[in-house]
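Structural overview for review
In case you want the letters, here they are:
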Amino acid sequence: MLAQDFIRLALIAGTPIAVAGGALGYFTVLRSQVFAGETLSHVAFTGALAAAAIGIDLRFGLFAATIVAALLLAALGEKAMSNDVAIGTLLAWVLGLGALFLDLFNRSANGGNGAIAARTLFGSIFGLSTSDAELAAIIGGAVVVVLALIARPLLYATIDPKVAAASGLPIAALSAGFLALVAVDAALTTQAIGALLMLGLIAIPAGAAHRLTANAYLALALSSLFALASLWLGVILAYEIPSIPPSTAIIAVAATIYVYAFVAPRRKHTISADDGSGVGITQLG
Amino acid sequence: MLAPEDEETEASSSTAQPAIELRGVTVARAGRPVWRGANVTIEQGEFVAVLGPNGSGKSTLLDLLLGLLDPAEGSVSVLGGSPGRGEQIGYLPQRHAFDQTTRIRGVDIVRLGLDGTRFGLPLPWQNAHRKKVDGAIDVVGASAYARRPIGECSGGEQQRLLIARTLIGSPKLLLLDEPLDSLDLPNQSSVSALVDRIRRERHMTVLLVAHDVNPLLPYLDRVIYIAGGRVLAGRPEEVITSETLSDLYDSPIEVLHTSDGRLVVVGLPEAPAHHHDRHAHP
Amino acid sequence: MNPALPWNLVKDVQQLFVYPFMVNAIEAGTTVALMAAVTGWFVVLRRQTFAAHSLSAMSFPGASGAALAGAPLPVGYFLACVIAAGAIATGSRTGNRRNPSQQSAVIGAVQVVGFALGFLFLSLYGGVLENLESLLFGSFLGITTGQVRELLGVAFGTLVFFAIAGRPLLTVSLDEVDARARGAPVRMLEIAFLLVLGLAVAATAQITGVLLVFALLVAPAAAAREFTARIGVGIALSVVIGLLVTWVGLGLSYYTNYSVGFFVTSLAFGVYLVSRASHVLAHRREALGRFEAVRAAVS
């Protein structure tokens with residue numbers, strides 16, 4: 001299998017993306033910022049299609065859109081993001097805009113056979129050229145390195161923001177930087193498994209890890225591990241059964257791990273699951 | 001003990017029979033007893049506060065009176081009959097405040113107190129309802145803001161509107177579960193005064209669950225204190241004393257009287273979730 | 001069939017009704033908009049947009065699965081959404097509304113699995129290139145009269161549901177404890193509503209595409225609620241907005257030949273923005289008025 005170029009390239013590009021995605025995903029779930037991932041996935045699609053419609057490299061639009069969106073999210077802060085009706089309507093519009101760009105592109109000189117929608121939404125990890133794969137690997141590797149450097153302060157800032165700020169950590173910069181990293185990884189992941197399935201490498205393995213352990217560093221490692229396993233096993237699966245698209249195979253593995261995490265016997269946590277605002281209407285007694 | 005056991009008059013003139021009567025009642029949740037051996041009689045027209053630490057079973061008492069829970073032992077009668085939600089009981093459950101996203105007008109919420117659970121389309125020509133709704137809103141003094149979205153009203157205003165909703169069926173018995181909880185002190189006082197005024201005007205019996213007895217003290221006829229798996233009922237000055245509470249909690253409690261007439265209870269243990277665990281008395 | 005857009009509005013509208021497929025599209029769109037607007041009013045009230053999200057994601061594998069199985073697409077839409085609604089209903093008692101972070105992780109997972117599955121079915125069916133766009137972003141080209149009849153039937157059913165159960169559902173949504181104490185069948189109403197929501201999502205997805213359901217299901221109702229807090233007026237306004245957005249969207253898409261999804265979402269989003277802006281302005285005016293009153297009283 002590894003003799004095949006497209007497999008090798010898929011794994012070369014995919015590995016750092018998955019490792020980064022899993023780790024970033026851990027923080028995303030921890031920081032209750034999964035919605036940000038959703039936002040970025042929508043924006044990624046529209047950005048890519050906008051670039052295509054204009055006639056420039058898709059990746060340009062992809063990265064530009066996600067990074068700008070991430071910085072906007074960071075600037076707007078938590079409050080703006082809590083209105084899910086507003087966000088949902090906005091995101092639907094973003095997708096609608098993407099549909100327009102899709103139309104424009106399809107009608108333009110470069111308008112192809114309609115494969116671009118499938119590629120952007122569901123990825124093309126088996127269709128990477130050598131330079132594509134190398135670029136993705138380098139950027140992905142850089143994300144991993146940066147994340148490794150800021151992981152500990154980010155954890156600190158997430159769990160205990162006030163104390164962290166008091167001890168001199170630049171909370172706002174960390175938050176913004178984190179979201180920017182997510183944006184870059186989102187763009188990379190979109191190329192691999194598509195905008196619609198992006199959360200499959202970012203949030204799902206992390207969700208599974210969160211269910212299995214409350215130990216932060218262990219969960220972080222597990223997230224990356226699960227994401228990596230999803231990638232590799234997914235690629236193998238898609239290779240063995242060619243009628244399964246690779247992105248679907250990867251999601252299938254990730255979902256299986258996730259389900260296992262929910263079904264497996266839970267270890268007792270010292271911090272029990274929060275049940276909300278504490279308004280006990282029927283009080284135990 | 002302190003529960004004055006009035007004799008039950010067999011003469012069933014509704015003015016003479018007690019509003020609430022518990023005899024030897026034990027309630028349990030999930031198989032474990034919450035409190036036992038409660039003997040309580042509340043006369044019609046009384047204003048009663050239900051006090052006790054978190055988790056002691058105050059809301060359980062309300063559930064019992066509403067017929068949402070059956071007693072494990074003993075008998076309960078409400079307004080001369082068995083417990084059960086009827087038109088005669090107005091219930092205001094504990095709830096968090098409506099937030100900004102609840103864009104429904106207060107007046108509509110009050111109106112729903114009248115016919116909210118009925119199936120079918122509301123018919124636009126039911127003017128009798130309109131009068132009742134406006135009347136209830138008037139009584140609680142909420143006319144100025146009843147037509148605003150309730151999420152934009154303050155805590156005190158929301159509480160008044162909810163009380164109007166509870167009143168709209170002209171109940172004889174009002175059960176209020178921690179209505180003062182999230183209000184600031186001035187609102188606690190004014191809502192307490194409001195409840196008392198309505199009670200007297202309409203000859204209602206009121207059972208109000210509270211954390212702090214002080215806003216209610218000027219109006220209370222009786223206190224029901226639930227703690228340590230036991231239920232005590234009596235006049236405030238009988239129940240809220242150092243001796244009584246120390247006995248109830250099985251640990252030293254002091255009740256202090258401030259110069260302006262407030263009661264301060266000192267020495268309460270941190271409220272554990274399950275009182276019946278530490279309860280040794282039968 | 002790319003007619004230029006003359007400025008005679010009456011003629012333009014008449015032109016829309018010339019072709020049967022367009023008539024079908026308008027009828028279907030009207031029906032769906034009506035149903036979505038009423039259902040959406042309750043979705044926004046009950047803050048269950050998360051459920052709408054998950055359900056719309058499930059309609060994709062439903063439709064493509066139906067294509068794969070050789071069944072008519074609407075069957076796939078409705079079946080998938082109703083089954084998914086049932087799953088949410090049974091699972092949703094575990095404080096789903098109170099833990100937003102976990103909730104959004106689960107929704108994210110469900111959506112992703114739904115999309116992946118749908119893509120798989122479509123790939124197996126071999127119809128990715130032709131069908132992906134219309135499934136995801138909507139299309140009004142292929143709506144049959146049979147489909148129109150089905151949508152009418154489903155819409156009628158949901159409207160009957162709201163006519164009968166809307167009031168107790170409203171009471172339950174506002175104060176569940178109070179409603180239960182007053183004897184309302186809380187659980188039954190919640191489950192029934194989720195099933196109706198499934199139907200509404202499935203119907204809407206057939207017009208707007210799987211990804212853009214929000215534009216007809218949530219946006220009109222959300223906008224209406226910004227304009228008014230009254231109940232009857234709010235629902236009616238939601239319907240009016242939904243219908244306008246649909247009609248104008250269809251018309252523009254017909255004449256410009258661009259994606260109907262784009263127009264519908266843009267119009268919906270635009271109306272929503274206007275509603276939010278008007279609300280803010282109304283607040284400022286009111287606050288200013290009160291400020292003036294205080295100032296007058298003090299001086």
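Residues numbered from 1 in each chain as written. Chains lettered and ligands numbered in written order. Predicted model: local features only at pLDDT ≥ 70, side-chain atom pairs only at ≥ 80, totals over all residues.

This part is about the overall build of chain A. On a plain count of helices and strands, chain A comes out with 12 helices and 0 strands. The order of helices and strands in chain A, counted from the N terminus, is α-α-α-α-α-α-α-α-α-α-α-α. For chain A, with 285 residues in total, the buried portion stands at 53%. By sequence separation, contacts in chain A at least 24 residues apart represent 76% of the contacts at least 6 residues apart. (Helix = DSSP H or I, 4+ residues; strand = E, 2+ residues; numbered from the N terminus. Buried ≥ 20, exposed ≤ 12 C-beta atoms within 10 Å, placed from the backbone. Contact = placed C-beta atoms within 7 Å.)

What follows is about unusual backbone geometry. A negative phi angle is the norm for most residues apart from glycine, just as the trans form is the norm for most peptide bonds. At Asp250 of chain B, a position not held by glycine, the phi torsion is positive, near 65°. As for its placement among the helices and strands, Asp250 of chain B is situated in the loop between α7 (242–249) and β10 (254–257).

Moving on to the interface of chain C and chain B. Across the boundary between the two partners, chain C contributes 20 residues, which contact 20 residues of chain B. Listing elements by their share of the side of chain C that touches chain B, those giving two or more residues are α7 (145–174) and α8 (176–181) of chain C. Ranked by residue count, the leading element in the side of chain C that touches chain B is α7 of chain C, at 8 residues. When the residues that make up the side of chain C that touches chain B are grouped by side-chain class, the tally is 12 nonpolar, 2 polar and 6 charged. (Nonpolar A, V, L, I, M, F, W, Y, C, P; charged D, E, K, R; others polar.)

Here we take up the interface of chain A and chain C. Facing the 46 residues of chain A at the interface are 41 residues of chain C. A per-element tally of the side of chain A that touches chain C places helix α4 (residues 84–107) of chain A first, with 14 residues. Considering only residue class, the side of chain A that touches chain C consists of 28 nonpolar, 13 polar and 5 charged.

Residue and element names in this part refer to chain C. Counting residues in hydrophobic clusters, the biggest one holds 294 residues, and the most contacted among them are Cys81 and Leu197. The dominant element in this core, judged by the number of residues it contributes, is helix α2 (residues 20–45), at 15 residues. Discounting residues that sit within four places of it in the chain, Leu197 has contacts with Thr39, Val43, Ala51, Ala52, Leu55 and Ala85. (Core = buried A, V, L, I, M, F, W, Y, C linked by C-beta atoms within 7 Å.)

Residues and elements named next belong to chain A. When pLDDT is averaged along chain A, the result is 86, and 90% of the positions lie at 70 or above. Element-level mean pLDDT values for chain A span from 85 in helix α7 (residues 161–166) up to 93 in helix α11 (residues 216–240). Across residues 268–285, where pLDDT falls below 50, the model places 29 contacts with residues more than four positions away in sequence or in other chains. (pLDDT = per-residue confidence, 0-100.)

It is worth spelling out the pairing of strand β11 (residues 263–266) of chain B at this point. Residue and element names in this part refer to chain B. Relative to β11, β10 is paired through 4 bridges, and the arrangement is antiparallel. Opposite His257, over in β11, you have Leu263 as the bridge partner. Hairpin connection of β10 to β11: 5 residues between the antiparallel strands, including Gly261 at a positive phi of 90°. (Pairing = 2+ DSSP bridges.)

Moving on, we come to the environment of Ile202 of chain A. Residue and element names in this part refer to chain A. Mapped onto the fold, Ile202 is located in helix α9 (residues 199–202). Taking the C-alpha atoms as reference points, Ile202 and Thr130, separated by 72 residues in sequence, lie 24 Å from one another. Once residues lying within four places of it in the same chain are set aside, the contact partners of Ile202 are Gly21, Leu24, Gly25, Thr28, Gly37, Asp185 and Thr189.

It is worth spelling out helix α6 (residues 130–159) of chain A at this point. All names here are of chain A. Across its 30 residues, α6 extends 41 Å between first and last C-alpha, which sits within 8% of the 44 Å expected from 1.5 Å per residue. Along α6, the sharpest kink reaches roughly 50°, centred on Ala151 and followed within four residues by the proline Pro153. On its buried face, α6 is in contact with α1 (5–30), α7 and α8 (171–193). (Expected span 1.5 Å × (residues − 1). Bend = angle between axes of the 7 residues up to and from the residue.)

Another point: the packing of α4 of chain A against helix α13 (residues 260–298) of chain C. Contact pair α4 of chain A / α13 of chain C: the axes reach a minimum separation of 8 Å and the direction vectors enclose 145°. The crossing of α4 of chain A and α13 of chain C is left-handed. Where α4 of chain A abuts α13 of chain C, its residues Thr89, Leu90, Ala92, Trp93, Leu95, Gly96, Leu97, Ala99 and Leu100 of chain A lie against Gly261, Phe262, Thr265, Ser266, Ala268, Phe269 and Tyr272 of chain C. Of the residues in the contact of α4 of chain A with α13 of chain C, the class split is 11 nonpolar, 5 polar and no charged. (Axes fitted to C-alpha atoms, helices over the stretch in contact; angles between N-to-C directions. Left-handed = near helix turned anticlockwise from the far one by under 90°.)

Another aspect to go through is the packing of helix α10 (residues 204–212) of chain A against helix α12 (residues 246–263) of chain A. If you want to describe how two helices pack, look at the angle between their axes and the distance between the axes. Residues and elements named next belong to chain A. Two elements in contact, α10 and α12, have axes separated by 8 Å at closest approach and are oriented at 20°. For the element pair α10 / α12, the angle class is roughly parallel. Between α10 and α12 the crossing geometry is left-handed. In this structure, α10 contributes Ile204, Pro205, Gly207, Ala208, Arg211 and Leu212 to the contact, and α12 contributes Ala254, Ala255, Ile257, Tyr258, Ala261 and Phe262. Split into classes, the residues belonging to the contact of α10 with α12 amount to 10 nonpolar, 1 polar and 1 charged. (Parallel < 35°, antiparallel > 145°, perpendicular 65-115°, else oblique.)

All names here are of chain B. Counting all residues, the mean pLDDT for chain B is 84, and 88% of those residues have values of 70 or more. Across chain B, strand β7 (residues 205–209) holds the top mean pLDDT of 95, while helix α8 (residues 275–278) sits lowest at 35. Both confidence scores are given for the complex: pTM 0.85, ipTM 0.88.

Another point: the pairing of strand β8 (residues 222–227) of chain B. Residue and element names in this part refer to chain B. Burial runs high along β8: 6 of the 6 residues are buried. Of the two faces of β8, the one carrying Arg222, Ile224 and Ile226 and the one carrying Val223, Tyr225 and Ala227 are both buried. Direction of pairing for strand β3 (residues 47–51) relative to β8: parallel, over a ladder of 4 bridges. Looking across to β8, one finds that Leu51 is bridged to Tyr225. Inspection of the sheet shows β8 paired to strand β9 (residues 230–234) by 5 bridges, in the antiparallel sense. When the sheet's bridge partners are listed, Val223 is paired in β9 with Gly234.

What follows covers α2 of chain C. Residues and elements named next belong to chain C. For α2, which comprises 26 residues, the first-to-last C-alpha distance of 37 Å matches the rise-based estimate of 38 Å (1.5 Å per residue) to within 8%. α2 sits mainly inside the fold: 21 of its 26 residues count as buried. Where α2 terminates, the next one or two residues include Arg47, which has phi positive at roughly 50°.

Turning our attention to the environment of Ala10 of chain A. Residue and element names in this part refer to chain A. In this fold, Ala10 is placed in helix α1. The exposure class of Ala10 is buried, given the 27 C-beta atoms found within 10 Å. Separated by 79 residues in the primary sequence, Ala10 and Thr89 place their C-alpha atoms 35 Å from one another.

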